[in-house]
Amino acid sequence: MELEEMQTREREPMIVVSRMSHSYEDEMGNQVKALDQINLTINKGEFVAIIGTNGSGKSTLAKHFNVLLEPTEGTVSVLGMDTKDEEKLWGIRSHVGMVFQNPDNQIVAAIVEEDVAFGPENLGVPPAEIRKRVDKALDVVGMQAYRHHAPHLLSGGQKQRIAIAGVLAMNPDCIVLDEPTAMLDPMGRKDVLKTVHALHKEEHMTVVYITHFMDEAMTADRIVVMKNGHILQEGRPADIFKQVESLKELGLDVPVAAEVADKLRKDGYAIAEGIVTDKELGDALCLSY
Amino acid sequence: MPIVLDSVTYTYGQGTPFEKQALTGISLTINEGEFIGIIGHTGSGKSTLVQHLNGLLHPTEGQVTVNGINLADKTEEAKQSRHMVGMVFQYPEHQLFEETIAKDIAFGPTNLGLTQEEIEQRVKDAMDFVGLDYKTYADRSPFHLSGGQMRRVAIAGVVAMKPKYLVLDEPSAGLDPAGREEIFAEIMRLHKEQGVTVILVSHNMEDISKMATRLLVIDDGKVLLDGKPIDIFMKYRETLQKAGVDVPPVSQLTAYLNQRGLPVSEEAITVDDVVASIESLKKR
Amino acid sequence: MLGNITIGQYFPGDSLLHRMDPRTKILATLIYIVAIFFAQTVVSYLFVTAFTVWVIWMSKLPVRLLWNALKPLWIIIVFTLAIHVFTSTGTVLWQWSFIHITKEGLQMGVLMTARLVYLILFSSLLTYTTSPIRLTDGIERLLRPFQRLGVPSHELAMMMTIALRFIPTLLEETDRIMKAQESRGADFTTGSLVKRAKSMVPLLVPLFISAFRRADDLAVAMEARCYRGGEGRTRMKELCYTRLDTVSMSILILVVLIILVMRFYAV
């Protein structure tokens, strides 16, 4: 029963991008097409990773999900609301929260809990309700102990978790993270990824996760690969990472296990396709050994 | 001409309520021609440590000498010794300030008091070195470049001072895999072709294991481990974990496969090493 | 060095002073600072000192914190003392060449210095016991009646909040850029005034660029979190006067009255 429920929810679209292009004028006055004819559907409850090199258009795409940018052509709709409809602007933004790359430049207040309250305050939520939401959000990201701290004394990973709590307190259905771990150390990266997975599993949040770390992307339900403003491929991590060479040509990394499996296969060894993790490679090797 | 640290202790805000000891009695010799990797979790003291290497910080106790000259001295000699150690900070593109790329790279050489011709030559060499065509880029503004290019200009600005030692703090932070590879190819060339001693601070264990000849693990203001990277990654996995640092993905894989009963060589550094080792097992 | 600046930094706690409404605290601080200027006699200063000590004790703050607030300003404090001690005329107590110390000068010097110290202590008490956001909230509410006269109270408060948040970040950044340029041979400390002013360019340009980039990022992040000005905004921590505020304000008014009476009767 529960499984069925989850499956129906997953089939409902959260974000639908249809034949969408985005161009802008650069400093020299030239028209630059950052996104070209994008079609993409993100379903409720999904965890989608978007990968691509710098300049592939992945951040530009993400900014369309909560109307920080509007399409030049085509449409983006969030829960059926067209992002070009000005009346729906704040509705969309309260449904889709966004976390950015630089942990320092998205924290507004000088005290952690006051910063988490910033979003709901903007939405005009009553004080008692804000208090509840802030406490819950800080619990979810495991930062309750730091609620009276000044943000500049926290580590990068802690700051990103505060930013995530700030989004959570707005009670969104979907969270978009634009390279949230690019500026963090390995410990911070692990903490942030763990937090995002907890949101996905326990809070049933739809997650769009932009990254160029493949070990993070491989934990997603689905991966979207972008290049020069196009979507090159999308599919399960196993399907994406079996194309070792084309990913490398794009300038992207591949998980070590996937690369080893690919090379063994090329050398004529019978190794199953779709290996991504160390465990999968271990299983495959033990079977044939 | 080694850099020698002799029982270096450093305390921040000495005599204030915020007093914090960042380094405790570090003794260390960095020989010419080495490629040293430094790892440690955030707050372990590794940033404080590298800032001692070119005299940005002076030890509260102990001393740092380059070629026998104490960096804390106020002599012209000491100043020149400090300039022998180049320092590339995290996100070095944030230090660019001149109107043109050439002028920005010339900042360091100009401060060294070189002649105009020598400065120009060094700017040309440095730009050539980081793969920016002099004719095309010299008069452009550094602020209209892409992130990766800006970082290369900033590194060129340090390289143009012709340091004998080069310290780099997370030079690949925030770059995509392609950009990361370009930067590291340049650093490797600097090391191999010009014989520059490199000290690389990085969270990326893969890069360290591929390039460094010696690895220092810093924890709680002390040198926890000092040795060949692959030896440390093989033998001290638990110690590393306790110090809050990872082992490279390849070492993680080989360790896991061994745990599963597949005697793959744990000395493998690259993916090809692992593949070769697995294939030799299968042939047997 | 840059990390040691503590002015304007909140010290969390749960004392009565911490719990007071920021509006009460701001008004009370202003009133008290003005009132100190009416104290003239030694007796009234003893009274002011006693009250100040009592308030500090009530705040439960570590004494070293208040000492830290005074420390960066010691030059001004010593200067104030010296000016009064050495320049006043009156009964000469001690003389050496053209330097003389008078009884009146000594008295004035000590009183003026005490006045300055209390002023600094009280304003630091305000910032130590009030979180920056509550402080700006308080200022915003106090300025709200002037909104009709064109005072942009919400915008001012928002600017202050952001400034408070980013000052430590920008100080760290300054330190980092200085070190990066020093590594490239820059010299910020020696040479003539003109040379030193010039040497600031490699520091200031990157700092400004960085500040603008941060401002850009922050504006986008605020927009993404539904910020659209002060209208329709609520607050997690509502400001409300309690009995504590009424009592505190009454005590303060009593203190001010006593100071005024002492002045009137020259006690």
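All of the points below concern the structure found in this document. (Residues numbered from 1 in each chain as written. Chains lettered and ligands numbered in written order. Predicted model: local features only at pLDDT ≥ 70, side-chain atom pairs only at ≥ 80, totals over all residues. Heavy atoms only, no water.)

## What about the pairing of strand E8 (residues 197–201) of chain B?
The side chains of a regular strand alternate, first on one face of the sheet and then on the other.
Residues and elements named next belong to chain B.
Here is step 1: Of all five residues making up E8, five are buried, and the element is well covered by its neighbours.
Here is step 2: Burial along E8 is two-sided: the residues Thr 197, Ile 199 and Val 201 and Val 198 and Leu 200 are all buried.
Here is step 3: Across four bridges, strand E3 (residues 35–39) lies against E8 in parallel orientation. Within E8, the position partnered with Gly 37 by the bridge is Leu 200.
Here is step 4: Pairing analysis gives five bridges linking strand E7 (residues 165–169) to E8, with the strands arranged parallel. Bridge pairing links Tyr 165 to Thr 197 in E8.
Here is step 5: Taken together, E7, helix H7 (residues 177–193) and E8 constitute a β-α-β crossover, and its handedness is right-handed. (Buried < 20%, exposed > 50% of the residue type's maximum accessible area, 1.4 Å probe, protein only. Helix = DSSP H or I, 4+ residues; strand = E, 2+ residues; numbered from the N terminus. Pairing = 2+ DSSP bridges. Right-handed = clockwise from strand over helix to strand, strands pointing away.)

## Some remarks on the side chain of Gln 181 of chain C
Here is step 1: Position of Gln 181 of chain C relative to the elements: it lies in helix H8 (residues 153–183).
Here is step 2: Not counting chain neighbours up to four residues away, the residues in contact with Gln 181 of chain C comprise Gln 95, Phe 97 and Phe 107 of chain B together with Ala 186, Phe 188, Pro 202 and Pro 206 of chain C. (Contact = heavy atoms within 4.5 Å.)

## Let's talk about the pairing of strand E8 (residues 206–210) of chain A
Residue and element names in this part refer to chain A.
Here is step 1: Of all the five residues making up E8, five are buried; the element is thus mostly covered by neighbouring parts of the structure.
Here is step 2: Here four bridges tie strand E3 (residues 47–51) to E8, and the two strands are oriented parallel to one another. In the sheet register, Ala 49 faces E8, and the bridge partner there is Tyr 209.
Here is step 3: Of the strand pairs in this sheet, strand E7 (residues 174–178) and E8 are connected by five bridges, and their pairing is parallel. In the sheet register, Asp 178 faces E8, and the bridge partner there is Ile 210.
Here is step 4: Remark: the E7/helix H7 (residues 186–202)/E8 crossover connection has right-handed handedness.

## Let's talk about the packing of aromatic side chains
Here is step 1: Tallied over the full model, the rule gives nine aromatic pairs over all chains.
Here is step 2: Taking 5.0 Å as the distance between ring centres and 85° as the angle between the ring planes, the aromatic pair formed by Phe 97 of chain B and Phe 107 of chain B counts as edge-to-face. In this pair, Phe 97 of chain B is assigned in the loop between strand E6 (85–88) and helix H3 (101–111) and Phe 107 of chain B in helix H3, connecting sequence segments 10 residues apart. Here Phe 97 of chain B matches Phe 107 of chain B in class, with each residue buried.
Here is step 3: Aromatic pair Phe 51 of chain C and Phe 122 of chain C: ring centres 6.5 Å apart, planes at 20°, arrangement stacked. Within this pair, whereas Phe 51 of chain C is found in helix H3 (residues 42–59), its partner Phe 122 of chain C is found in helix H6 (residues 103–129), the two being separated by 71 residues in sequence. We note that Phe 51 of chain C, like Phe 122 of chain C, is buried. (Phe/Tyr/Trp six-rings, centres within 6.5 Å; stacked < 30°, edge-to-face > 60°.)

## Some points on unusual backbone geometry
All names here are of chain A.
Here is step 1: The backbone of Arg 19 shows a phi angle near 40°, a positive value even though the residue is not glycine.
Here is step 2: By the secondary structure assignment, Arg 19 is in strand E1 (residues 13–25).
Here is step 3: The exposure class of Arg 19 is exposed, given its relative accessible area of 53%.
Here is step 4: Of note in this structure, Asn 171 is not a glycine but carries a positive phi near 50°.

## A word on helix H11 (residues 243–264) of chain C
Residue and element names in this part refer to chain C.
Here is step 1: Compared with the 32 Å implied by 1.5 Å per residue over 22 residues, the 31 Å span of H11 between its first and last C-alpha is a close match.
Here is step 2: Regarding H11, the residues found buried are Asp 245, Ser 248, Met 249, Leu 252, Val 255, Val 256, Ile 259 and Met 262. Seen along its axis, H11 keeps its buried residues to an arc of 145°; they face one direction. Across H11 from its buried face, at more than 90 degrees, point the exposed residues Arg 243, Leu 254 and Phe 264.
Here is step 3: Those residues of H11 that are buried are in contact with helix H2 (22–36) and H3.
Here is step 4: Ala 266 sits one or two positions beyond H11 and adopts a positive phi of about 50°. (Expected span 1.5 Å × (residues − 1). Arc of directions from axis to C-beta.)

## Quick notes on the packing of H3 of chain C against H6 of chain C
All names here are of chain C.
Here is step 1: Look at H3 against H6: their axes get within 11 Å of each other, and the N-to-C directions meet at 20°. Here H3 is positioned roughly parallel relative to H6, judged by the angle of their axes. Read as a crossing pair, H3 and H6 show a hand that is left-handed. For the pair formed by H3 and H6, the contact residues are Tyr 45, Val 48, Thr 49, Phe 51, Thr 52, Val 55, Ile 56 and Ser 59 on the first element and Leu 111, Ala 114, Arg 115, Tyr 118, Leu 121, Phe 122, Leu 125 and Thr 129 on the second. (Axes fitted to C-alpha atoms, helices over the stretch in contact; angles between N-to-C directions. Parallel < 35°, antiparallel > 145°, perpendicular 65-115°, else oblique. Left-handed = near helix turned anticlockwise from the far one by under 90°.)

## A word on empty space enclosed by the protein
Here is step 1: Using the criterion set out here, one finds seven cavities of 30 Å³ or more in the structure.
Here is step 2: The volume enclosed by the largest cavity comes to roughly 140 Å³.
Here is step 3: When contributions to the lining of the largest cavity are tallied by element, the ones reaching two or more residues are helix H4 (112–122) of chain A together with helix H7 (132–143) and H8 of chain C.
Here is step 4: When grouped by side-chain class, the residues that make up the lining of the largest cavity number six nonpolar, three polar and six charged.
Here is step 5: In this structure, the second largest cavity encloses a volume near 60 Å³.
Here is step 6: Grouping the amino acids of the lining of the second largest cavity by side-chain chemistry returns five nonpolar, three polar and two charged. (1 Å grid on protein atoms, 1.4 Å probe; cavity = no way out; pocket = protein on both sides within 12 Å on 5 of 7 lines; lining within 4 Å. Points joined across faces, edges and corners; volume = space filled by probe spheres on them. Nonpolar A, V, L, I, M, F, W, Y, C, P; charged D, E, K, R; others polar.)

## Considerations on the packing of H4 of chain A against helix H6 (residues 156–168) of chain A
Residue and element names in this part refer to chain A.
Here is step 1: One way to put it is that H4 packs onto H6 with a least axis distance of 7 Å and a crossing angle of 40°. Remark: the crossing between H4 and H6 carries right-handed chirality. In this structure, H4 uses Val 112, Asp 115 and Val 116 to contact H6, whose residues at the interface are Ile 162, Ala 165 and Gly 166.
Here is step 2: Residues belonging to the contact of H4 with H6 are distributed by class as follows: four nonpolar, one polar and one charged.

## Structural notes on the interface of chain A and chain C
Here is step 1: On the side of chain C, 35 residues touch chain A, which itself brings 39 residues to the contact.
Here is step 2: Summed over both sides, the interface between chain A and chain C buries roughly 3200 Å², with carbon and sulfur atoms accounting for 59% of that surface.
Here is step 3: Between Arg 233 of chain C and Glu 121 of chain A there is a salt bridge, with the nearest N and O atoms lying 3.0 Å from each other.
Here is step 4: Listing elements by their share of the side of chain A that touches chain C, those giving two or more residues are helix H3 (89–95), H4 and helix H5 (127–140) of chain A.
Here is step 5: Of the residues forming the side of chain A that touches chain C, the biggest block, 10 residues, is contributed by H4 of chain A.
Here is step 6: Looking at the side of chain A that touches chain C residue by residue, the classes come out as 20 nonpolar, 11 polar and eight charged. (Buried area = accessible area lost by both parts, 1.4 Å probe. Salt bridge = Lys/Arg side-chain N within 4 Å of Asp/Glu carboxyl O.)

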